[in-house]
Amino acid sequence: MNEGEQTGLATMRDCWITGGATFDLAPTAWKTIAGGASPDEQERRLLAIAAQALDVALRPAAPKTLKRRPLLPKLALPMLPERLRPLLRAALKHAIDARRKTRVVTLVASRGFVLHPMDWMPAASDQNSPDVYAPWIDWQASVDGERRAPQERLTAENWDEFYPAARRIVLADMRHSEPASARMLIEAKASGEPAEVRLALVELMRFGLGAEDAPFLKSLSADRSGKVRELADRLLARLGEYGRSNDGGPDDPAAELAAFISEGKSGFIRRRNIYTPAKLKSPAQEPRRAELFEICNLGDLAARFDTTESEFLGAWQFGADNNADILIARMVAASGSDAAVTHMADALVADGGKPALFALHLTPRLDGRRKRTLVRLILKQANYLGAINLAEGLDAGWVAWDDLSNGSALSALRSAVAGNDEAMRRGADDILETIGFLATATTAVKLIDEVVAAGMPPAAPSLGLLRLNAALAEHQPRTDT
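Residues numbered from 1 in each chain as written. Predicted model: local features only at pLDDT ≥ 70, side-chain atom pairs only at ≥ 80, totals over all residues. Heavy atoms only, no water.

**Topic: the overall build of the chain**
In plain terms, the rule: Secondary structure follows DSSP: runs of H or I at least 4 residues long count as helices, runs of E at least 2 residues long count as strands, and numbering of each begins at the N terminus. The atom set for the radius of gyration is the C-alpha atoms, and the globule formula is 2.2 Å times the number of residues raised to the power 0.38. Each residue's exposure class comes from its accessible area (1.4 Å probe, protein chains only) as a fraction of the maximum for that residue type: buried when under 20%, exposed when over 50%, partly exposed otherwise. In this description, contact between two residues means that some pair of their heavy atoms is separated by no more than 4.5 Å.
What the chain contains, in helices and strands, is 23 helices and 2 strands. Over its C-alpha atoms the chain spans a radius of gyration of 31 Å, topping by over 25% the 23 Å that the globule rule assigns to 481 residues. Expressed as lengths along the three principal axes of its C-alpha atoms, the size of the chain is roughly 115 × 60 × 60 Å. Taking all 481 residues of the chain together, the buried fraction comes to 43%. Across the chain, the fraction of contacts at a sequence separation of at least 24, relative to all contacts at a separation of at least 6, is 62%.

**A closer look at the pattern of salt bridges**
The following threshold applies: Any Lys or Arg side-chain nitrogen located within 4 Å of an Asp or Glu carboxyl oxygen qualifies as a salt bridge.
Under the definition given, this model contains 27 salt bridges. Arg167 is the salt-bridge partner of Glu193, the closest N and O atoms lying 3.6 Å from each other. With Glu193 in the loop between helix H8 (179-189) and helix H9 (195-203) and Arg167 in helix H7 (residues 164-177), this pair connects stretches of sequence that are 26 residues apart. An identical accessibility class is assigned to Glu193 and Arg167; each is buried. Connected through shared salt-bridge partners, Glu82, Arg85, Arg89 and Asp119 make up one network.

**Looking at helix H21 (residues 422-438)**
Rules: Here a helix's expected span is defined as the number of its residues, less one, multiplied by 1.5 Å. Nitrogen and oxygen atoms within 3.5 Å of one another constitute a polar contact, given that in protein one can donate a hydrogen and the other can accept it, and given that sequence-neighbouring residues count only through two side-chain atoms.
Between the first and last C-alpha of H21 there are 24 Å, a value that for 17 residues agrees with the 24 Å anticipated at 1.5 Å per step. Along H21, the residues that are buried comprise Ala428, Ile431, Leu432, Glu433, Thr434, Ile435, Gly436, Phe437 and Leu438. Two to three positions downstream of the cap, the backbone nitrogen of Ala423 sits 2.9 Å from a side-chain oxygen, assigning the N-cap of H21 to Asp421.

**Quick notes on the nonpolar core**
Our working rule: The criterion is simple. A nonpolar core is a set of buried Ala, Val, Leu, Ile, Met, Phe, Trp, Tyr and Cys residues joined through side-chain atoms within 4.5 Å.
Counting residues in hydrophobic clusters, the biggest one holds 93 residues, and the most contacted among them are Tyr133, Leu301, Phe312 and Leu447. The greatest single-element share of this core, amounting to 8 residues, is contributed by helix H16 (residues 322-335). With near-sequence residues (within four places) excluded, Leu301 lies in contact with Ala254, Leu257, Ala258, Ile261, Phe293, Phe312 and Met331. Core analysis: the second largest hydrophobic core is formed by 25 residues, Ala166, Leu171, Leu204 and Val228 among them.

**Brief notes about the packing of helix H6 (residues 134-141) against H7**
Put simply, the rule reads: In this analysis, axes come from line fits to C-alpha atoms, helices being fitted only over the stretch in contact, and the angle between any two N-to-C directions falls in the range 0 to 180 degrees. Note on residue classes: Ala, Val, Leu, Ile, Met, Phe, Trp, Tyr, Cys and Pro are nonpolar, Asp, Glu, Lys and Arg are charged, and everything else, Gly too, is polar.
Here H6 crosses H7 at 145°, and the two axes come no closer than 7 Å. Each of Ala134, Ile137 and Asp138 in H6 lies in contact with H7, whose residues at this interface are Pro164, Ala165, Ala166 and Ile169. Here the contact of H6 with H7 is built from residues that sort into 6 nonpolar, no polar and 1 charged.

**Notes on the packing of helix H20 (residues 409-418) against H21**
Here is the rule: Geometric relationships in this document are graded by angle, where less than 35 degrees denotes roughly parallel, more than 145 denotes roughly antiparallel, 65 to 115 denotes roughly perpendicular, and other angles denote oblique. A clockwise turn of the near helix away from the far one marks a right-handed crossing, whereas an anticlockwise turn of less than a right angle marks a left-handed crossing.
Viewed as axis vectors pointing N to C, H20 and H21 meet at an angle of 135°, and their least axial separation amounts to 8 Å. By the angle between their directions, the pair H20 and H21 is classed as oblique. The element H20 and its partner H21 pack so that their crossing is left-handed. Along its contact with H20, which presents Leu413, Ala416, Val417 and Ala418, the element H21 presents Met424, Arg425, Ala428, Ile431, Leu432 and Ile435. A class-by-class count of the residues in the contact of H20 with H21 yields 9 nonpolar, no polar and 1 charged.

**Remarks on the packing of aromatic side chains**
To be explicit about the condition: Each aromatic pair joins two rings of Phe, Tyr and Trp (for Trp, the six-membered one) with centres within 6.5 Å, and gets the label stacked for planes under 30 degrees apart, edge-to-face for over 60, and tilted for any other angle. A positively charged side chain is recorded as over a ring if its NZ (Lys) or CZ (Arg) lies within 6 Å of the ring centre. The angle to the ring normal must also be within 35 degrees.
Scanning all chains against the criterion turns up 7 aromatic pairs. Note on Trp120 and Tyr133: the rings are 5.0 Å apart at their centroids and 80° apart in plane angle, and the pair reads as edge-to-face. Taken together, the positions of Trp120 in the loop between helix H5 (98-110) and H6 and Tyr133 in the loop between H5 and H6 put the pair 13 residues apart, joining distant regions of the chain. On the basis of relative accessibility, which here comes to 10%, the residue Trp120 falls in the buried class. Consider the rings of Phe312 and Trp316, whose centres lie 5.9 Å apart with planes at 50°: the pair is tilted. An identical accessibility class is assigned to Phe312 and Trp316; each is buried. The ring of Trp139 is capped by Arg69, whose NZ or CZ atom sits 4.1 Å from the centre of that ring.

**Here we look at unusual backbone geometry**
With a phi close to 55°, Asp306 is a non-glycine residue in the positive phi region. Turning to its location among the elements, Asp306 is positioned in the loop between helix H14 (298-304) and helix H15 (309-315). Note on Asp306: relative accessible area 75%, which makes it exposed.

**What about the side chain of Arg370?**
Here Arg370 lies in helix H18 (residues 368-380). Note on Arg370: relative accessible area 16%, which makes it buried. Excluding residues within four positions of it along the chain, Arg370 makes contact with Thr342 and Asp346.

**Examining the side chain of Thr22**
With respect to the secondary-structure elements, Thr22 resides in the loop between helix H1 (3-17) and helix H2 (28-34). Engagement of the side chain of Thr22 in a polar contact is seen with the side chain of Glu43, the distance being 2.9 Å. When neighbours within four sequence positions are excluded, Thr22 is seen to be in contact with Met12, Cys15, Trp16, Glu43 and Leu46.

**A closer look at the environment of Ala141**
Following the sequence through the fold, Ala141 ends up in helix H6. By relative accessible area, Ala141 is classed as partly exposed at 36%.

**What to know about the environment of Met12**
Secondary-structure assignment places Met12 in helix H1. For Met12, a relative accessible area of 0% puts it in the buried group. When the C-alpha atoms of Met12 and Phe23 are compared, they prove to be 8.6 Å apart, with 11 residues separating the residues in sequence. With near-sequence residues (within four places) excluded, Met12 lies in contact with Thr22, Leu25, Ala26, Pro27, Trp30 and Leu46.

Here it is as structure tokens:
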């Protein structure tokens with residue numbers, strides 16, 4: 001259809017919109033087809049021709065940049081049964097951010113299923129989804145659609161044949177079983193990757209981190225990316241080695257941070273050092289102190305007081321300044337040695353009460369046993385139940401009914417649901433969503449009964465993950481044979 005015919009068709013359309021007849025406006029060829037009929041039939045025939053022209057003749061051509069993608073890879077686990085997909089979609093809809101959606105996906109994967117791609121797809125940059133989705137992440141990231149991840153072992157020679165997500169998973173596994181081989185691969189290939197990929201590769205060094213990794217990490221002090229250099233510094237600090245110069249001068253951030261901390265003595269007979277956050281002189285000092293805690297290493301700070309990491313943490317007076325307590329907990333998680341992290345977590349959990357909540361900032365560095373101990377402690381204290389949402393990297397589906405019913409968590413949830421305080425109800429919704437991820441299927445069923453009996457509508461969206469959790473137990477995945 002040429003430009004004149006397109007203009008004529010637009011004129012006919014405008015005429016129809018205003019309720020007029022268009023026979024006289026139609027192209028000659030169209031009049032031949034529509035002529036000889038009644039006026040109404042003429043308009044119907046012209047309308048049919050126009051519709052055909054719009055749907056077929058004027059259909060936009062695909063852009064030349066459009067490329068045919070390969071088929072979506074099949075994953076290693078079976079798809080979630082069709083009858084559970086409505087429950088899944090409800091749980092995903094109620095999950096308000098990517099972190100909570102990932103929690104839904106992780107729960108389903110822990111029960112042996114993957115999601116339908118129409119319900120959820122990982123992003124190309126996703127690094128938090130279960131490993132089973134790596135082929136889909138690489139499919140999202142692919143642009144040429146021609147590479148295929150080889151089945152053989154990852155080597156320097158076939159490095160480029162692996163997509164980033166598949167490569168990251170292989171390297172993470174290697175860091176657990178063969179840390180030296182994985183390090184040599186990263187050392188050989190990372191420098192040729194973009195900064196974002198280099199950062200992700202160096203971050204894998206946290207698995208199986210040991211003294212033999214120090215030379216490579218020190219070599220990253222000359223990396224082009226500031227983020228890579230900072231990450232390498234923190235990893236070195238975990239090993240007790242420090243990449244920064246620590247001369248104690250005015251430009252030494254550790255010395256500046258030490259000025260925000262007061263050193264004192266405690267005890268009548270056996271005098272011991274204690275460390276307390278100094279009172280800030282102005283609100284403007286708060287962001288500077290936070291920045292220093294973020295860029296300094298725990299070892300450097302402890303050295304400013306001529307003590308060890310564990311001794312410094314043991315003498316820190318938790319409770320004097322809540323913000324400073326959070327900042328030092330994050331510093332320990334980022335740069336403390338394994339011994340310092342476990343020492344701090346064990347001491348805080350043993351103390352119980354509010355100080356134990358600061359251990360939540362250490363969860364990325366804690367083993368599964370300590371994470372579970374911490375969650376069970378929180379479930380026993382109704383006052384701090386909402387803090388459970390801060391924990392990271394928890395396993396799915398292990399909170400038993402006794403964990404929930406032996407403390408005060410259950411009664412607190414029932415009271416919040418039955419009360420008229422909207423803020424408490426919203427808090428209860430968040431906690432129910434978190435427990436929906438942590439609970440066993442049996443616990444999920446019992447908890448739904450409890451809160452419904454307390455007054456929550458059975459179809460409440462906040463029960464979505466609990467209902468999915470319970471329903472997943474009724475299905476056993478079937479693997480291909």
